[in-house]
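Spelled out, the chains give:
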Amino acid sequence: MQNLAKHRWRSAVWGCLALLIGFALLPPAQALAANNDLVYKATLEGEISQYMVAYLERVHQEAAAADASAVLLELDTYGGYVDAAVSLKQIIMDAEIPTYCYVNDKAISAGSLIALSCDKIAMKTGGSIGAAEPRAGNEKADEKVVSFWTAQLTSAAESHGRNTQLAAAMSDSRVVIEGLSEEGRLLTLTSAQAVEHGMADYLAGSDQEALTAFGISAANLVAVDYNFQEQSTRFLNNSFVSTILLALGIGCLVLEVLFAGVGVFAALGVTSLALYFIGALLLSYTAWIAVALAIAGLVLLVLEIFVVPGFGICGILGIGSVIGAVICVAPSLSAAIMQIGLAILITILLVFISFKCGRTRRVWNRLILKDATSTEEGYVSPPAELNDLVGESGMALTDLRPSGAALLNGKRTDVLTEGSFVMRGTKVRVIKVEGSSVVVIAVESPAEKTGE
């Protein structure tokens, strides 16, 4: 009986230990909740830019807080900026939960890196991925940038077991893939080719089909929209919008100087420049440096126009400060040059229109001589032909004491000397014409002429 009790006690102890071990081996509550097929969806469309970094980071944070099983990234882009794409890649690679990508048509250039960074890729039939050569304006980027960008693509592909040579061929035209790309041509794959060569996992006609292919229920899909700040940042930092804002800002301030108005152009110019730099501040708080430079430049230009005469150190420093501010907030040097160039062209056009159609104001009038003489005020313009007499020779018809008459070009003309007396019959020459006065000097006296 004692042995039976001891045996039961040992069985109970071992049962409790087994139960404790079982609980210890179970996944935590977060992992259990993560199997509920809750998926957060982010959308990256259009130009890849820095504002998308904050948006995707927020989506991942919300997904992690809700114990979602994955983030679905719907991607459709021709590319964008290298620094933004690298930051997006880092967010995806560092996330605690997997990120699945649905390429809804195209993942070109920077979009290729973002797609290859995801754990799984589904592509829309007829879509494309690749052509990821980094550019500096209209030219290929230098070798350092190409090397860095190629390494980013190949590391993203390698981390998910994809073909690194294919990834390299997307960004470096020197890489040749037999049957797919020739030397000098970047690799771009159709969706079918991408699946065939392992650069994508599935073909899907929609995000719902993509989720089904990933083995996830589409019933618990939470689409995360851009908030107001992200939408504002997206709009103001669009390359076209920011360029127009800068051009309008500079052009309208110039018009305020030229046109006679009531400050409308000044208000529009300041508003445009304010929106331009507010967009930069929404994107990065370090843009305060650029804002300070811009304000300093505008103050210096105002001093140059209204206070300091001429065009000197204030004008040069003002222009330099504004250009420096634009370079600081522009996504690249080539973008800054393009924006500044367009702003200058629009300003020149507006100045031309102001000359043709508008009345200039007092500041501009300082550069123009507006004083005039009139007959009513006692001014009489000399005949234009008098100026043609300079250098002509003739003969004094009367004694010049110092004024008198002379025969010049066959015509009797009133003349005068510079104070000397000239006898009648003396050869004279016109040395200058002052107003209506013809000034002559003696060249040959009557005695010299007759040989006496």
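The following paragraphs examine the structure supplied in this document. This is a predicted model, so every value here is computed, not measured.

Structural notes on the packing of aromatic side chains
Next, step 1: Inspection of the entire model under this criterion finds five aromatic pairs.
Next, step 2: With a centroid separation of 5.8 Å and 70 degrees between ring planes, the pair formed by tyrosine 202 and phenylalanine 214 is classed as edge-to-face. Highlighted residues: tyrosine 202 in strand β9 (residues 202–203) and phenylalanine 214 in the loop between α9 (207–213) and β10 (221–223), separated in sequence by 12 residues.
Next, step 3: Using a relative accessible area of 29% as the deciding quantity, one classes tyrosine 202 as partly exposed.
Next, step 4: By relative accessible area, which is 7% here, phenylalanine 214 ends up buried.
Next, step 5: Ring pairs connect the aromatic residues Tyr51, Tyr55 and Tyr226, which therefore count as one cluster.
Next, step 6: Over the face of the ring belonging to tyrosine 78 we find lysine 106, whose NZ or CZ atom lies 4.6 Å from the ring centre.
Next, step 7: Over the ring of tyrosine 226 we find arginine 234, and its NZ or CZ is 5.3 Å from the ring centre.

Concerning the packing of helix α6 (residues 143–159) against helix α7 (residues 164–171)
Next, step 1: Their axes nearest at 8 Å, the elements α6 and α7 cross at an angle of 150 degrees. If you check the angle between α6 and α7, you find them roughly antiparallel. Taken as a pair, α6 and α7 cross one another with a handedness that is right-handed. Taking contact as the criterion, the partners of Val146, Trp149, Thr150, Leu153, Thr154, Ala157 and Glu158 in α6 are, on α7, Thr164, Ala167, Ala168 and Ser171.

With respect to the packing of helix α5 (residues 110–117) against α6
Next, step 1: The N-to-C vectors of α5 and α6 enclose an angle of 25 degrees; their axes lie 8 Å apart at closest approach. Relative to α6, the element α5 is oriented roughly parallel. Along this stretch, α5 crosses α6, giving a crossing that reads as left-handed. Every residue of α6 that contacts α5 at Ala110, Ser112, Leu113, Leu116 and Ser117 is listed here: Trp149, Gln152, Leu153, Ala156 and Ala157.
Next, step 2: Classifying every residue of the contact of α5 with α6 by side-chain character gives seven nonpolar, three polar and no charged.

Description of the pairing of strand β4 (residues 120–123)
Next, step 1: Pairing of strand β3 (residues 99–108) with β4 involves four bridges; the strand directions are parallel. Bridging across to β4, tyrosine 102 finds its partner in alanine 122.
Next, step 2: The parallel pair β3 and β4 is bridged by α5, and the resulting crossover is right-handed.
Next, step 3: Here β4 pairs with β9 via two bridges, running parallel. Each residue of the ladder has a partner; that of alanine 122, found in β9, is tyrosine 202.

Rules behind the numbers
Residues numbered from 1 in each chain as written. Predicted model: local features only at pLDDT ≥ 70, side-chain atom pairs only at ≥ 80, totals over all residues. Heavy atoms only, no water. Phe/Tyr/Trp six-rings, centres within 6.5 Å; stacked < 30°, edge-to-face > 60°. Helix = DSSP H or I, 4+ residues; strand = E, 2+ residues; numbered from the N terminus. Buried < 20%, exposed > 50% of the residue type's maximum accessible area, 1.4 Å probe, protein only. Lys NZ or Arg CZ within 6 Å of the ring centre and 35° of its normal. Axes fitted to C-alpha atoms, helices over the stretch in contact; angles between N-to-C directions. Parallel < 35°, antiparallel > 145°, perpendicular 65-115°, else oblique. Left-handed = near helix turned anticlockwise from the far one by under 90°. Contact = heavy atoms within 4.5 Å. Nonpolar A, V, L, I, M, F, W, Y, C, P; charged D, E, K, R; others polar. Pairing = 2+ DSSP bridges. Right-handed = clockwise from strand over helix to strand, strands pointing away.

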